[in-house]
Amino acid sequence: MTVGKWGYHPGNGVDNFLDKKCKIGVLFCKLFTKISLTLRSEFGEVCPYGFFLSFRGIRNFSRFVIFYHFFIYMSSESYHIPALLPEAIEGLAIRPGGVYVDCTFGGGGHTRGILSALAESGRVYGFDRDKEALGNAPEDSRFTFVHSDFRYLSNWMDYHGEEGVDGILADLGVSFHHFDKAERGFSFRSDAPLDMRMNQSAGITAAELLEESDERRLADIFRTYTDLRQSGQLAKAIVTARDHSPILTTFELAEVARKVIPPQREKKELAQVFQALRIAVNDEMGSLRQMLEESLQVLKPGGRLAIITYHSIEDRIVKNFFRSGTLDGEVEKDLYGNVKTPWKQITRNPIVPSAEEVERNPRSRSAKLRIAEKKKDVR
Ligand SMILES: C[S@@+](CC[C@H](N)C(=O)[O-])C[C@H]1O[C@@H](n2cnc3c(N)ncnc32)[C@H](O)[C@@H]1O
């Protein structure tokens, strides 16, 4: 299976985009130019189709088509480039008339991949807790956008009258858009209010979390979600700083963190501090756990669940759940010592991006894809 199979959608790279749209545009341009020149040589300047068949008209029209599609390509590409796109779509083993859920719609790259493998009768529900993602929704009657946390998967499927789905995909974390839009407060590279909520109309901001949490809770957050040796020191530094004045911006947090982070590891560890806070603000592990449990209720027997993780803790949760069917990873065995699990593992080891993908999309480098199938005899 090649990436090109999924057609024109963000993440396929400029080459594929050029293949699919621009090359067709260029072919049209050449064809109409030829017709125009032939007609002009036949009829002279009194050609009845005037401007449209004139060389300049056609050339400008073709340029417009090419730039229009290039603009669409660039705007969707800059929202997000999907990781492991062909691998995830292939892993879902899509049934053409099936019902699919993309738990993390984002820029819609994976959703478009699913849609391109579906027949007219198929359906896709795209969840995103960030309403800005709605701007990327494809104009396609088979698609429904759900502005919600994916932890409520089962309720939403009931609401839409779906009795079971054939596949679920989740590409966890945040999109490039979140990092690149400074005012969302996810990045230490630009100064902005410390927000970090994926859904800006719910929950508390990162600044509020820093203000309300005691030192122990802060230390727990950094200890759990970073490799920092100085998690306790960082929590202490935050509490000392906020006693003086509240930490309200990304730069203010970075300044406090720099007091305990060794300069030679500054970039890497600042990124981890910000990531840890983001995970806590959005209760990302809570959402993941609930969605995993609900996936078993929602999937039809034989349906597939594909999860792309970017953090070792997420990956461990998914790995244990696929192995045991429980969130605590406790395996149940039958009389003969066989592990009782509702899942058939499709990937024993996670699929990771190729060197070529990482070069094209460095932000995909920590992605890990795991796929499991709900056993056919599990109701
Ligand atoms: C890594 S991006 C997914 C990108 C997407 N696969 C694409 O191809 O563009 C993750 C997206 O999921 C959303 N998201 C993260 N956690 C969520 C949750 N618990 N519920 C709903 N949406 C969530 C984020 O807002 C973000 O837009």
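Within every chain, residues take consecutive numbers counted from 1 along the sequence as written. In view of the model being predicted, local features appear only for residues whose pLDDT reaches at least 70, and side-chain atom pairs are presented and counted only at 80 or more, with totals across whole chains, interfaces and linings using the full set of residues.

Trainee: Could you clarify how one ought to interpret the overall build of the chain in this entry?
Mentor: Secondary structure assignment for the chain yields 14 helices and 9 strands. The burial criterion counts other C-beta atoms lying within 10 Å of a residue's C-beta, which is placed from the backbone; the residue is buried at 20 or more, exposed at 12 or fewer, and partly exposed between these limits. When burial is assessed residue by residue, the chain has 39% of its 379 residues classed as buried. The contact rule is simple: place each C-beta atom from the backbone, and if two of them lie within 7 Å, those residues are in contact. Expressed as a percentage of contacts within the chain between residues at least 6 apart in sequence, the contacts between residues at least 24 apart total 66%. Helix numbers and strand numbers start at the N terminus; a helix is a DSSP run of H or I with at least 4 residues, a strand a run of E with at least 2.

Trainee: Can you help me understand the packing of helix 12 (residues 284–298) against helix 13 (residues 312–324) in this one?
Mentor: For any two helices packed against each other, the geometry comes down to the angle between their axes and how far apart the axes lie. The geometry of helix 12 relative to helix 13 is characterised by a closest axis approach of 11 Å and an angle of 15 degrees between their N-to-C directions. Classed by the angle they form, the pair helix 12 and helix 13 counts as roughly parallel. Crossing of helix 12 against helix 13: the hand is right-handed. Residue-level inspection shows Met285, Leu288, Arg289 and Leu292 of helix 12 in contact with helix 13, the latter providing Ile313, Glu314, Ile317 and Phe321. Counted by class, the contact of helix 12 with helix 13 contains 6 nonpolar, no polar and 2 charged residues. Whenever a helix is involved, its axis is fitted only over the stretch in contact; in every case the axis is a line through C-alpha atoms, and angles between N-to-C directions fall within 0 to 180 degrees. The labels follow the angle: roughly parallel below 35 degrees, roughly antiparallel above 145, roughly perpendicular from 65 to 115, and oblique for the rest. By the definition used in this description, the sense in which the near helix is turned from the far one sets the handedness, with an anticlockwise turn below a right angle giving left-handed and a clockwise turn giving right-handed. Polar here means any residue outside two lists: the nonpolar Ala, Val, Leu, Ile, Met, Phe, Trp, Tyr, Cys and Pro, and the charged Asp, Glu, Lys and Arg; Gly therefore counts as polar.

Trainee: Hey, could you run me through the packing of helix 8 (residues 215–225) against helix 11 (residues 266–281) in this one?
Mentor: Between helix 8 and helix 11, whose axes approach to 9 Å, the crossing angle comes to 110 degrees. Between helix 8 and helix 11, the interaxial angle falls into the category roughly perpendicular. Helix 8 and helix 11 meet at a crossing whose hand is right-handed. Facing helix 8, whose interface residues are Ile221, Phe222 and Tyr225, helix 11 presents Val273, Gln275, Ala276, Leu277, Ile279 and Ala280. Taken together, the residues that form the contact of helix 8 with helix 11 break down as 8 nonpolar, 1 polar and no charged.

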